[in-house]
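Remarks on the overall topology
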Amino acid sequence: MHPKIEAVIDRYGVTDAARAFLGEEHKLYIDGAFVEAASKDRVPVIEPSTGETLTTIAAAGKDDVDCAVAAANRALAGGDWAGMKSRDRQRILLRLADLIEANAQTLGEIESLDNGKALGPCVEMDILGGAELLRYMAGFATKIEGATREVSAPGSHFAATRKEPIGVVAAIVPWNWPFNMAMWKIAAPLAAGCAIVLKPAEQTSLSMLYFMKLCERAGLPKGVLNLVTGSGRAIGDHLVGHPGVSKVSFTGSTEVGRRVGETAGRALTPVTLELGGKSPMLVFADADLDAVAASTRWSVFFNAGQVCSAGSRIYAHRSVFEKAVTKIKQVAEGMVMAPGLDPACDIGPVVSASAKANIETYIRKGVAEGARIVCGGDETPGDGFFVKPTILTADDNTLSVVQEEIFGPVVVILPFDEEAEAVALANDNQYGLAASIWTRDISRALRLVPRIKAGTVWVNAHDLIDSAMPFGGFKNSGFGKDMGPEQLDHFLRTKSVWISVAEGDE
Ligand code: NAD
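Computed from a predicted model, the values in this text were never measured in an experiment.

Topic: the pattern of salt bridges
The final tally for this structure, using the stated rule, is 29 salt bridges. Between Asp 126 and Lys 117 there is a salt bridge whose closest N-O contact spans 2.4 Å. Asp 126 gets classed as buried once you look at its relative accessible area, which sits at 0%. Residue Lys 117 is classed as buried on the basis of its relative accessible area of 5%. Overlapping salt bridges bring together Asp 286, Glu 419, Arg 444, Arg 447 and Arg 451 as one network.

Below, the structure is given as structure tokens:
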């Protein structure tokens, strides 16, 4: 580990378990064991607040993917998992949730060092939120049910449907919520009785490597959850198109998601795609502007803006536009930029040098196209990948900073005059992940909810998330849902069962 990272750790402190884990050699997890990648290749892991190397992870190749998919199929073909009662499956998931809770601080510290995010919210939302989702989905393990059907076919029949686990799931997750997104991907298929090959993002695999130790302690049978780390470009196509995979569940960018969809389509494998976003916040003249401004701390700048549903374009009614800009600026300027482990941290570094460069390019491009900087926007000197919270204003909905996902702490604020215009501006975008409406007029809110083309619409809030509420986008934000009862169906297939009933003697 680089001395600059050691200095960060010494300064803020981490648990002994986190320190010991960071010193280990990180391997793949296949068929219930940590194993080296066949190629023995490694990928460096960069700590974002220093830009230095934290450790390395194993770079899985196609052979390793084959081993992982085979192990998952074996787990479904017979043995402990295939034969397990749903009650016992539920218990394992509940035990896992308890173990996450008991190790939340360690998991959070590992995540913060790996991704850069602020530790407090990371423990609260990413880690403990993940435990809650496991508990929520655990309940469904014992409630999977088919139906009996009255049929009119000639003869006499008992007809019923049964729900069966779909098979082996390839789950692929991004780097912005490494642990939490992984829980979004594994909780429902585990409850359904599937087996999984999980591919974390190459930038952020550490928390899931630690989690695999918890799976062993919870008694998850071997082969049920396999972890292949390394480059998505190297193994993604192979995993997604693998004949041993029965379902693909992907969260990431729209660009990669499109490719994943194509590969899965060619293999005739069902796929769900949770993709990018550019979520609007519509602020009407009667909105509580203090509430709007306060929400941007989470809805815009949280996780350094690396949130798929971030409210990264705000449309404010012209009569309150200046006031809204001023209040949001106060929030942005009050946010403390620091390494994620620093208890004072509101906004940590972004994940990588290339992410930082990409965000800065967008800001420059926005200004060149006519956007005006209200605050931030200039480069942050020193180590690490810090980007200042940045507010732009603009009048033109076609600007790249309004239309494209920047995935950083950057918001653009535009004025509107009429309700219909606000809806049109909000819908004038390739994405449809989420949106929020800010008004005290309940009729206006109810009128607009059906007209907004987004998978989630909040009123007088933004970015509320709950295990019970399905999350997923419309348009180029993908299809399918994570969380809620709706997600379970993606991992079950329906079998129709007919039993002919012979005529009796009488
Ligand atoms: P990304 O698309 O670059 O990578 C996502 C995952 O795909 C990574 O694990 C990567 O290794 C893998 N991958 C890369 N090439 C692949 C291929 N050819 N086949 C299969 N997998 C491949 O995304 P990212 O930069 O890690 O994450 C940021 C994106 O994720 C943003 O666009 C964000 O909006 C989106 N996101 C969406 C949601 C949601 O719920 N809709 C949630 C979080 C993040």
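So, the site of the ligand
Every one of the 30 residues lining the ligand counts as a neighbour, but Val 173, Glu 202, Ser 253, Leu 275 and Glu 405 are closest to it. At a separation of 2.7 Å, an oxygen atom of the ligand approaches a polar backbone atom of Val 173. Within the side chain of Lys 199, an N or O atom sits 3.0 Å from an oxygen atom of the ligand. Here the ligand, which alone exposes 850 Å², has 91% of that area covered by the protein. Partitioned by chemical class, the residues of the shell around the ligand number 15 nonpolar, 8 polar and 7 charged.

Digging into the packing of aromatic side chains
Counted under the stated rule, the structure contains 9 aromatic pairs. The interplanar angle of 85° and the centroid separation of 5.4 Å between the aromatic rings of Phe 21 and Tyr 210 together place this pair among those described as edge-to-face. One end of the pair, Phe 21, is in helix H2 (residues 16–22); the other, Tyr 210, is in helix H8 (residues 206–218), and 189 residues separate them in sequence. Residue Phe 21 shares its accessibility class with Tyr 210, and that shared class is buried. Their ring planes at 75° and their centres at 5.4 Å tell us that Trp 175 and Phe 407 sit as a pair that is edge-to-face. One end of the pair, Trp 175, is in the loop between strand S7 (168–172) and helix H7 (178–192); the other, Phe 407, is in the loop between helix H14 (400–403) and strand S16 (410–416), and 232 residues separate them in sequence. When its relative accessible area of 16% is taken as the criterion, Trp 175 is described as buried.

Examining the pairing of strand S8 (residues 195–199)
The element S8 is extensively covered by neighbouring structure, given that 5 of its 5 residues are classed as buried. For S7 and S8, the ladder comprises 5 bridges, and the chain directions are parallel. Note on S8: the bridge partner recorded for Ala 171 is Leu 198. What joins S7 to S8 is H7, and the crossover it makes is right-handed. Inspection of the sheet shows S8 paired to strand S9 (residues 225–227) by 3 bridges, in the parallel sense. Across the sheet, Ile 196 pairs through a bridge with Leu 225, a residue of S9. Considered for its hand, the β-α-β crossover made up of S8, H8 and S9 is right-handed.

Description of the nonpolar core
By size, the foremost hydrophobic cluster in this structure holds 80 residues, and its most contacted members are Ile 100, Leu 198, Leu 206, Phe 211 and Leu 225. One finds Trp 175, Leu 289, Val 320 and Cys 375 within the second-largest nonpolar core, a separate group that totals 59 residues.

Observations regarding the sheet that holds strand S6 (residues 157–165)
The 3 strands are arranged S5-S6-S22 in an open sheet whose pairing can be described as antiparallel. Where the open sheet ends on each side, the last strands, each with one partner, are strand S5 (148–149) and strand S22 (492–500). Judged from the 9 bridges that link them, S6 and S22 form a sheet pairing that is antiparallel. Opposite Phe 158, over in S22, you have Ile 499 as the bridge partner.

Things to note about a nonpolar patch on the surface
A cluster of nonpolar residues, Phe 158, Ile 499 and Val 501, forms a patch on the protein surface that exposes about 260 Å² of accessible area. Take Val 501: it is sitting in the segment after S22. You can call Val 501 partly exposed: its relative accessible area is 41%.

Conventions we followed
- Residues numbered from 1 in each chain as written.
- Predicted model: local features only at pLDDT ≥ 70, side-chain atom pairs only at ≥ 80, totals over all residues.
- Heavy atoms only, no water.
- Salt bridge = Lys/Arg side-chain N within 4 Å of Asp/Glu carboxyl O.
- Buried < 20%, exposed > 50% of the residue type's maximum accessible area, 1.4 Å probe, protein only.
- Near = heavy atom within 4 Å.
- Polar contact = N/O pair within 3.5 Å; in protein donor to acceptor, adjacent residues only side chain to side chain.
- Areas by Shrake-Rupley, 256 points an atom, 1.4 Å probe, with all protein chains shown as cover.
- Nonpolar A, V, L, I, M, F, W, Y, C, P; charged D, E, K, R; others polar.
- Phe/Tyr/Trp six-rings, centres within 6.5 Å; stacked < 30°, edge-to-face > 60°.
- Helix = DSSP H or I, 4+ residues; strand = E, 2+ residues; numbered from the N terminus.
- Pairing = 2+ DSSP bridges.
- Right-handed = clockwise from strand over helix to strand, strands pointing away.
- Core = buried A, V, L, I, M, F, W, Y, C linked by side-chain atoms within 4.5 Å.
- Patch = residues over 30% accessible without salt bridge, like charges linked within 9 Å, V, L, I, M, F, W, Y side chains within 5 Å.

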